[in-house]
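# Topology and contacts: notes
The primary structure of each chain is shown beneath.
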Amino acid sequence: MKPQRHVELLTNLTHGKVYRRNELTSYSTSVDRELKMLGSNGTLKKVGPGLYYFPKQSRFGVLPPNEQELLSKFLKTDNFLLVSPNWYNFLGLGLTQLSTATKVYNTKRYDTLSLAGQKYYFIRPNNGFPKKLSREFLLVDLLNNLSQVGEDEEQLRNAVSKKINDFDKKQLFKLSEKYGKVSTRKFLRSLLNGGFHPSIA
């Protein structure tokens with residue numbers, strides 16, 4: 001007996017992977033009907049516009065999709081950077097941020113969207129963003145967004161002044177000059193020029 005079409009579709013999928021709808025059309029001549037059927041019984045989960053997740057089980061239950069893969073599939077590129085406001089807490093500045101949304105710096109979208117139950121702010125920064133996250137860029141990003149942090153701005157600047165030696169000053173200067181807003185660049189220049197010479201950066 002020939003297997004049902006949706007069974008044939010599943011044989012081409014890997015548990016734990018995210019797929020775009022157009023990736024699945026080569027496995028089925030009636031992909032929308034099959035996706036609807038597989039979604040209704042929980043075999044596949046729709047995790048975003050045109051995005052489907054083939055769940056992977058662990059002993060603790062269903063694992064969520066890999067965040068980097070999910071966003072890569074959604075944006076159709078690996079050129080993005082995740083920044084959670086909660087990560088500011090690890091800079092040692094006395095912050096206790098609690099955010100349910102993650103910023104996604106990218107070059108394609110500027111909107112807010114939920115993917116796999118997680119809220120994301122898609123942002124196209126005017127000054128761009130680095131390929132990798134570092135403590136130094138996280139500090140630059142914090143200073144770029146002081147008004148949105150919900151803390152006393154002057155107290156935060158004072159905290160940064162006291163902790164400036166905890167950072168790689170050469171790297172901090174480079175990232176500030178490249179990705180910082182005017183106010184961020186001016187503030188960090190005032191701190192770094194005291195014991196650091198930009199000419200060697």
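Rules used throughout
Residues numbered from 1 in each chain as written. Predicted model: local features only at pLDDT ≥ 70, side-chain atom pairs only at ≥ 80, totals over all residues. Heavy atoms only, no water. Buried < 20%, exposed > 50% of the residue type's maximum accessible area, 1.4 Å probe, protein only. Helix = DSSP H or I, 4+ residues; strand = E, 2+ residues; numbered from the N terminus. Pairing = 2+ DSSP bridges. Phe/Tyr/Trp six-rings, centres within 6.5 Å; stacked < 30°, edge-to-face > 60°. Axes fitted to C-alpha atoms, helices over the stretch in contact; angles between N-to-C directions. Parallel < 35°, antiparallel > 145°, perpendicular 65-115°, else oblique. Left-handed = near helix turned anticlockwise from the far one by under 90°. Contact = heavy atoms within 4.5 Å. Nonpolar A, V, L, I, M, F, W, Y, C, P; charged D, E, K, R; others polar.

## Overview of the pairing of strand S7 (residues 101-105)
Of all 5 residues making up S7, 5 are buried, and the element is well covered by its neighbours. Neither face of S7 is open: one carries Ala101, Lys103 and Tyr105, the other Thr102 and Val104, and all of them are buried. Two strands pair when backbone bridges link them, and strand S6 (residues 81-83) and S7 are joined in this way by 3 bridges, in the antiparallel orientation. When the bridges of S7 are listed, Leu82 appears paired with Val104. Note: S7 against strand S9 (residues 118-123), 5 bridges, orientation parallel. In the sheet register, Thr102 faces S9, and the bridge partner there is Tyr120.

## Thoughts on the packing of aromatic side chains
Applying the stated criterion to the full structure yields 5 aromatic pairs. Aromatic side chains Tyr120 and Phe122 sit 6.2 Å apart centroid to centroid with 50° between the ring planes, which places their arrangement in the tilted category. On the accessibility criterion, Tyr120 (2% relative accessible area) is buried. Plain terms: the ring middles of Phe137 and Tyr179 are 5.8 Å apart, the flat faces sit at 90° to each other, and that makes the pair edge-to-face. Of this pair, Phe137 sits in helix H5 (residues 135-144) while Tyr179 sits in helix H8 (residues 169-179), and the two are 42 residues apart along the sequence. Every member of this aromatic cluster is reached through a ring pair, and the members are Tyr105, Phe129, Phe137 and Tyr179.

## Digging into the packing of H8 against helix H9 (residues 182-192)
For the pair H8 and H9, the least separation of the axes is 9 Å and the interaxial angle reads 155°. Here H8 lies roughly antiparallel to H9, going by the angle between them. Of the two elements, H8 crosses H9, and the hand of that crossing is left-handed. Side by side, H8 and H9 meet where Lys169, Leu172, Phe173, Ser176 and Glu177 of the first sit next to Thr184, Arg185, Leu188, Arg189 and Leu192 of the second. Split by residue class, the contact of H8 with H9 holds 4 nonpolar, 2 polar and 4 charged.

## Details of unusual backbone geometry
The phi angle at Lys76 is positive, at roughly 60°, despite the residue not being glycine. Note that Lys76 resides in the loop between helix H4 (67-75) and S6. Overall, Lys76 belongs to the exposed group, its relative accessible area being 55%. Although it is not a glycine, Ala116 adopts a positive phi angle of roughly 55°. Tracing the chain through its elements places Ala116 in the loop between strand S8 (111-115) and S9.

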